[in-house]
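# Descriptive structure summary
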Amino acid sequence: MAIIGMIAVNVGPRGADGILGTLYDLPLGRASLLFMLLAGVGTSIMTRSVRAPSGASMPWRTLLWRAALLLVGGLALQLAGHEASVILPLYGLLFIACLPLLKAPGWLLAALSGASLVLGPLVWLAARRESDAFQVTEPTLLDPPAEILGGILFTGSYPLVVWAAPFLIGMLLGRIDLRNPALHRRLVLWGAVAAVGAYLLSQLLILVLGAPGRIVGLDRLVSATAHSQMPLWLVSSSGAALFVLGLCLMGERFASRHLSVLAATGRLSLTVYVGHLLALAVIVRPGPGSLAEGILVTAVLCTAAVVFSWLWTRRFQTGPLEILLRLPPRKTTSERNG
């Protein structure tokens, strides 16, 4: 679901009028945040042995390898003409940043998540003071290291100071028994409350205080607009992500029987993500020019992704790009000596 939503967002066009345009824009600012939440969940599940009583060794080599691959690969992918913002460099930096937190107590993860939720937007506002709200600087592999770091931390579409919050929430969830039906119900209920409540609170504040201007300032704190990087948007979109996760967990038995093709697509998420950006750059751009064209292109890309993933997983266990995430084996002493 996150992949399909992100494909729709990246294909565009956005901001079309009418109910259909509103529904088409629904994944904007939500699909990517759902990805971030799931990245945190996956990180905790992958490293659960570290927190076991046996005290397994820290998988720092694996995480550093994945971080380097996603960081360099994402920065290179940003150079392609797909006209989308690549989220992979943020993943890479977060994998490095989370290393000291793999054994951290849950209360510390919760505190850091809360700090990112409340203080992250303020830091972002300070870093972009008096700049155009709609100007973002996406770092690429050709930029100097300082500009790359600044782009990932502050000025890109996915600033780490803000987006660390859903990642840390995911890390917390990954430590809980996700098979618990009571948890599923709480995720659905409180996810919906957060998603709707934060959005309605934003609309009320805008009605009372006025809409934020184009120039970045403290008046922006009332916004729940997608990618506004503000607390109410974070709460609303994180709630939507929790709601979707709860629904999927509730329907796991049904999904495993009848939606295996979508599960296959999820297993090849990196391959599909990179593939759809390259397809946009080579085939689609500069289009689509209308909402109807956007829906058609999205449907074609999603269908191709699902069919390819289903066929691939029938023969192979790992996707063509996912296999790169596996750490290369160490050379033995005899191999090093020739």
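Small disclaimer: the values here were computed from a predicted structure and weren't measured.

### Overview of the side chain of Ser-238
If you trace the backbone, Ser-238 turns up in helix H10 (residues 231-250). The class of Ser-238 is buried, set by a relative accessible area of 12%. Setting aside its immediate chain neighbours within four residues, Ser-238 contacts Leu-33 and Pro-166.

### Quick look at the pattern of salt bridges
As enumerated under the stated definition, the model contains 2 salt bridges in all. A salt bridge links Glu-83 to Arg-285; the shortest N-O distance between them is 3.8 Å. A residue pair is termed long-range when its members are at least 10 positions apart, and Glu-83 in the loop between helix H4 (60-77) and helix H5 (88-97) and Arg-285 in the loop between helix H13 (269-284) and helix H14 (291-315) qualify at 202 residues. For Arg-285, a relative accessible area of 15% corresponds to the buried category. In this structure, Arg-179 and Asp-177 form a salt bridge, with 3.0 Å as the shortest nitrogen-oxygen distance. For Asp-177, a relative accessible area of 40% gives the class partly exposed.

### Considerations on the packing of aromatic side chains
Ring pairs (aromatic) are described by centroid distance and by the angle formed between their planes. Under the criterion given, the structure shown has 5 aromatic pairs. Seen from their ring centres, Phe-95 and Phe-167 are 6.4 Å apart, and the 65° between their planes marks the pair as edge-to-face. Highlighted residues: Phe-95 in helix H5 and Phe-167 in helix H8 (residues 160-173), separated in sequence by 72 residues. Ring centres of Trp-312 and Phe-316 lie 4.5 Å apart, and the angle between their planes is 35°; this geometry places the pair in the tilted category. With relative accessibility at 22%, the residue Trp-312 sits in the partly exposed group.

### Some words on the UniProt feature "domain: DUF418" (unreviewed entry) in the protein
The sites that carry the UniProt feature "domain: DUF418" (unreviewed entry) are, in the present numbering, residues 204-326. In this annotation, residues 204-326 is assigned 67% helix and 0% strand; the end-to-end C-alpha distance for the span is 48 Å.

### A short note on the nonpolar core
One recurring pattern in soluble globular proteins: nonpolar side chains tend to sit buried together. Counting 75 residues, the largest nonpolar core has Leu-88, Leu-90, Tyr-91, Trp-163 and Tyr-273 as its most contacted members. Counting residues per element, this core draws most heavily on H8, which supplies 9 residues. Setting aside residues up to four positions removed in sequence, Leu-90 forms contacts with Met-36, Ile-152, Tyr-158, Leu-160 and Trp-163.

Rules behind the numbers
- Residues numbered from 1 in each chain as written.
- Predicted model: local features only at pLDDT ≥ 70, side-chain atom pairs only at ≥ 80, totals over all residues.
- Heavy atoms only, no water.
- Helix = DSSP H or I, 4+ residues; strand = E, 2+ residues; numbered from the N terminus.
- Buried < 20%, exposed > 50% of the residue type's maximum accessible area, 1.4 Å probe, protein only.
- Contact = heavy atoms within 4.5 Å.
- Salt bridge = Lys/Arg side-chain N within 4 Å of Asp/Glu carboxyl O.
- Phe/Tyr/Trp six-rings, centres within 6.5 Å; stacked < 30°, edge-to-face > 60°.
- UniProt positions renumbered as here; feature names shortened; annotations may be inferred.
- Core = buried A, V, L, I, M, F, W, Y, C linked by side-chain atoms within 4.5 Å.

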